[in-house]
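Inside the fold
Letter by letter, the chains look like this.
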Amino acid sequence: MKPVYFEEGKLRLIDQTKLPTEFIVYSYTDYREIAKAIVDMIVRGAPAIGVTAGYGVYFGALEYQNEPKDVFYVKMKEVCELLASTRPTAVNLFWAIKRMEDVMAANADKEPAELVAILKQEADAICAEDIQMCRDMGKHGAELIHEGDTLLTHCNAGALATADYGTALGVIRAAHEAGKNISVYADETRPFLQGARLTAYELQTDGIPVTLITDNMAGWMMKLGKIDGVIVGADRIAANGDVANKIGTYSVSVLAKAHGIPMYVAAPTSTIDFEMQSGDEIVIEQRDCREISHIGGVQVAPDGVNMENPAFDVTPHQNVTAIITEKGVVYPPYDLNIPKLKE
Ligand code: MRU
């Protein structure tokens with residue numbers, strides 16, 4: 001289930017706003033439309049938007065390749081700025097754009113038309129590496145999952161949030177593929193319902209036993225002893241191990257701690273912001289409150305009521321049992337062990 005891929009000269013994106021009732025794939029060649037697809041959450045999930053932005057930069061270069069070199073670089077700056085302005089929290093977006101910018105800088109002696117092919121290769125590499133990182137994370141993380149475990153997950157950190165396979169769901173997938181008899185509780189994840197619409201769909205499609213619950217049921221399921229571990233993805237991890245992820249992750253982490261349940265975060269090193277010292281510095285995206293006042297286009301709140309819609313929260317590192325990366329599993333103290341991943 002690849003949500004983002006390049007085919008026949010076009011970027012293809014599965015429309016994740018329509019899943020699971022409609023499966024629609026759109027084609028893109030215009031970087032402005034690609035930026036809009038990120039804003040509109042046609043494509044979402046930290047690694048997937050990074051991959052998408054990489055191709056966005058490539059399409060920008062393709063459009064401006066016949067401009068004089070100085071104009072080309074001015075235009076490419078605008079392309080990168082537009083793509084970077086789409087969503088503020090997931091660091092993978094900025095990481096991927098920076099990789100594309102670094103390639104341009106390293107090849108500044110080349111003509112724009114030559115650069116286009118090099119940028120395409122880099123975008124392809126970002127995409128391919130993401131899949132490999134997910135598979136490696138799966139292998140490392142599966143060792144933490146025991147036969148018979150029931151895991152709770154929040155939001156969608158699956159194939160649909162990456163180039164393929166997934167981070168948190170990649171670990172679950174790898175444990176399932178290894179023959180472990182496991183099952184999953186998926187939080188519906190208000191207000192955008194990534195858990196109900198995407199995680200439930202993905203796991204069901206793969207034949208992994210999944211039970212959908214509303215977000216406010218998680219604590220009670222823990223109290224009843226029905227949950228052995230929590231596993232989620234991340235949008236940005238600070239150098240001290242604080243984790244920004246979908247709104248509601250913080251509450252789940254507090255509940256897990258109160259019940260003595262391990263809380264695992266699965267994320268590639270492209271999600272680690274090594275320069276950011278703590279989660280306090282992470283910019284939290286505020287989204288349109290219509291996501292709260294309306295469900296499936298139907299109004300559920302009174303006209304004019306005050307609302308707030310932070311799309312992410314930050315789980316303090318003290319609540320995180322371990323971080324699963326493609327390079328291995330990292331344990332506290334994170335401020336000492338996370339920087340080692342950079343080596
Ligand atoms: O707003 P979204 O759907 O882009 O948020 C996605 C999440 O919070 C995921 O948990 C995170 O990006 C990890 S995905 C591998």
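The rules behind these values
- Residues numbered from 1 in each chain as written.
- Predicted model: local features only at pLDDT ≥ 70, side-chain atom pairs only at ≥ 80, totals over all residues.
- Heavy atoms only, no water.
- UniProt positions renumbered as here; feature names shortened; annotations may be inferred.
- Helix = DSSP H or I, 4+ residues; strand = E, 2+ residues; numbered from the N terminus.
- Buried < 20%, exposed > 50% of the residue type's maximum accessible area, 1.4 Å probe, protein only.
- Contact = heavy atoms within 4.5 Å.
- Near = heavy atom within 4 Å.
- Polar contact = N/O pair within 3.5 Å; in protein donor to acceptor, adjacent residues only side chain to side chain.
- Areas by Shrake-Rupley, 256 points an atom, 1.4 Å probe, with all protein chains shown as cover.
- Nonpolar A, V, L, I, M, F, W, Y, C, P; charged D, E, K, R; others polar.
- Pairing = 2+ DSSP bridges.

Looking up the protein chain in an unreviewed UniProt entry gives the name Methylthioribose-1-phosphate isomerase, with the organism given as Acetobacterium wieringae. According to the UniProt record, the Sequence similarities (unreviewed entry) comment for the protein chain reads "Belongs to the EIF-2B alpha/beta/delta subunits family. MtnA subfamily." Under Catalytic activity (unreviewed entry), UniProt gives the following word-for-word description of the protein chain: "5-(methylsulfanyl)-alpha-D-ribose 1-phosphate = 5-(methylsulfanyl)-D-ribulose 1-phosphate".

1. Topic: the UniProt feature "active site" (unreviewed entry) in the protein chain
Under the feature "active site" (unreviewed entry), the UniProt entry names Asp 235. Along the polypeptide, Asp 235 turns up in the loop between strand S7 (229-232) and strand S8 (236-238).

2. Some points on the environment of Ala 163
Along the chain, Ala 163 falls in the loop between strand S4 (150-153) and helix H6 (168-177). On the accessibility criterion, Ala 163 (0% relative accessible area) is buried. Along the sequence, Ala 163 and Cys 127 sit 36 residues apart, while their C-alpha atoms lie 6.0 Å from each other. Setting aside its immediate chain neighbours within four residues, Ala 163 contacts Lys 2, Pro 3, Val 4, Val 51, Cys 127, Asp 130 and Ile 131.

3. Thoughts on the site of the ligand
Residues in contact with the ligand amount to 19 residues; listed here are only the nearest, Arg 44, Arg 87, Asp 235, Asn 245 and Lys 246. The contact in question runs from an oxygen atom of the ligand to an N or O atom on the backbone of Ala 46, over 2.9 Å. In the environment of the ligand, an oxygen atom lies 2.7 Å from a nitrogen or oxygen atom belonging to the side chain of Lys 246. About the coverage of the ligand: the protein hides 99% of its 420 Å² of free accessible area. Every element with two or more residues in the shell around the ligand is listed here: helix H2 (46-64) and strand S9 (243-246). Its residues assigned to classes, the shell around the ligand comprises eight nonpolar, seven polar and four charged.

4. Examining the pairing of S9
In regular strands, side chains alternate between the two faces of the sheet. Relative to S9, S8 runs antiparallel, the two being bridged by two bridges. Opposite Arg 236, over in S9, you have Ala 244 as the bridge partner. If you look at the hairpin formed by S8 and S9, you'll find four residues sitting between the two strands, and Gly 241 has a positive phi there, around 95°. Two strands pair when backbone bridges link them, and S9 and strand S14 (residues 312-315) are joined in this way by four bridges, in the antiparallel orientation. Across the sheet, residue Lys 246 finds its bridge partner in S14, namely Phe 312.

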